[in-house]
Amino acid sequence: MDSYRAQQDAGDAEKVEVLGISDWGADDGGVNLDSVNTTHAEHHVDEIIKRMQGSTFTCLQEHSCSQAQLASMQKMLRENGIAGILGTLDTASRHNLAGMGTIGRQPHRVIKIEAKTAAFKEAMETGRVQHVALTMGNGHILDVYNLYGYSGGHGSKAQAKKTNELIMIIRAEMAEHPKGPTCILGDVNADPEDIKELQLLLDEEDWIDLGAKADRWDQPIKEYTCLTAGSKRPTRRDYIFV
């Protein structure tokens, strides 16, 4: 992930510059951003806390927690210097379905951004989208749209269409906010080419799939991110787009 850092200049100690992308694993004051589908966050809270030792922010998809479970989880996070925004489940479901969250390691902050479009507000109530701002340091803010796509989007045109509608809703919401550093990330549950609106961003609007450029950090490109139960073939379903 891009790292935003301050650099002192001999002639101007207050000057702030935006530097380039950090090397993989660099301990240079940069900012790390993770994206993880937790399936049920409360069951994995110890692992999340451990993971946050090396991350500044983590975006969570499918936290699947009731309000009581979220309160218990947030207490544990606070005790470890971690805080953030954990959203609602799918309000139309009888089960603990979906749920988005973003957490940050103090002193960095996760700031909730109120929806400006009715469509985005409705999508938030499905527990499948979230819009937050992250304090990156040195006065920099990153807008993050956290996404949980519909399961089976790679094999089902109907499911892919529903995820495509979420991307359209995100884009419409994005247009109502001031322009600035922005990313879309999360569990897409499909390949980018399955989602027409997402592929349009990559092909025609200069968005970048960071995982497809991982060789910049001497890492394997398009590395697999998911191996479901009962499956012998790993897939890549989790993405960060900038």
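So, here's what we can say about the structure. It should be emphasised that the depicted structure is a prediction, and the values quoted were computed from it without experimental measurement.

An order of β1-β2-β4-β3 is seen for the four strands of this open sheet, with the pairing classed as mixed. Two strands bound the open sheet, and with one partner strand each, they are β1 (33-37) and β3 (82-86). Strand-to-strand, the axes of this sheet are offset by a mean angle of 20°, without reference to chain direction.

Let us look at helix α4 (residues 157-174). Counted at 1.5 Å a residue, the expected span for α4 with its 18 residues is 26 Å, and the 25 Å between its end C-alpha atoms agrees. Every buried residue of α4 is accounted for by Ala160, Thr163, Asn164, Leu166, Ile167, Ile170, Glu173 and Met174. Against the buried residues of α4 lie α3 (118-124), β6 (129-137), β7 (140-148), β8 (182-187) and α5 (196-204).

Read across the open sheet, the five strands follow the order β5-β6-β7-β8-β9; overall the sheet is mixed. Strands at the two margins of the open sheet, each flanked by one partner only, are β5 (110-112) and β9 (238-241). Along the sheet, successive strands turn relative to each other by an average axial angle of 25°, direction set aside. Here three bridges tie β5 to β6, and the two strands are oriented antiparallel to one another. Pairing of Ile111 across the sheet is with Ala133, part of β6. Sheet strands touched by α4: β6, β7 and β8. Its angle to β7, the strand with the most contacts, is close to 155°.

Following the criterion strictly, the structure yields two aromatic pairs and no others. A ring pair is formed by Phe120 and Tyr145, whose centres lie 6.0 Å apart and whose planes are at 90°; its orientation type is edge-to-face. Of this pair, Phe120 sits in helix α3 while Tyr145 sits in strand β7, and the two are 25 residues apart along the sequence. Neither residue differs from the other here; Phe120 and Tyr145 are each classed as buried. Between Tyr239 and Phe241 the ring centres are 5.4 Å apart and the planes differ by 10°, which places this aromatic pair in the stacked class. Owing to a relative accessible area of 3%, Tyr239 belongs among the buried residues under this scheme. We classify Phe241 as buried; its relative accessible area is 2%. Looking at Arg128, its charged tip hangs above the ring of Tyr150, at a distance of 3.9 Å from the centre.

The topology assignment puts Gly180 in the loop between α4 and β8. On the basis of relative accessible area, Gly180 is assigned to the partly exposed category, the value being 44%. For the pair Gly180 and His140, spaced 40 residues apart in sequence, the C-alpha to C-alpha distance is 9.7 Å.

Reading guide: rules and limits
- Residue indices follow the written sequence of each chain, beginning from 1 at its first position.
- Local features in this predicted model are restricted to residues whose pLDDT is 70 or higher, and side-chain atom pairs enter the listing and the counts only when it is 80 or higher, whereas totals over whole chains, interfaces and linings include all residues.
- The side-chain figures draw on all heavy atoms in the structure; neither hydrogens nor water molecules are used.
- Only strands joined by at least two bridges in the DSSP assignment are considered to pair.
- A run of H or I in DSSP counts as a helix once it spans at least four residues, and a run of E counts as a strand once it spans at least two, with each numbered from the N terminus.
- Here an axis means a line fitted to C-alpha atoms, over the contact stretch when the element is a helix, while the angle between two N-to-C directions is reported on a 0 to 180 degree scale.
- Helix span, as expected, comes to 1.5 Å for every residue beyond the first.
- Whether a residue is buried, partly exposed or exposed follows from its accessible area with a 1.4 Å probe, protein chains only, as a fraction of its type maximum: under 20%, in between, or over 50%, in that order.
- Should any heavy atoms of two residues lie within 4.5 Å, those residues are considered in contact.
- Pairing of aromatic side chains here covers Phe, Tyr and the six-membered ring of Trp, requires ring centres within 6.5 Å, and sorts the geometry by plane angle: under 30 degrees stacked, over 60 edge-to-face, intermediate tilted.
- Charge over a ring is defined by NZ of Lys or CZ of Arg lying within 6 Å of the ring centre and within 35 degrees of the ring normal.

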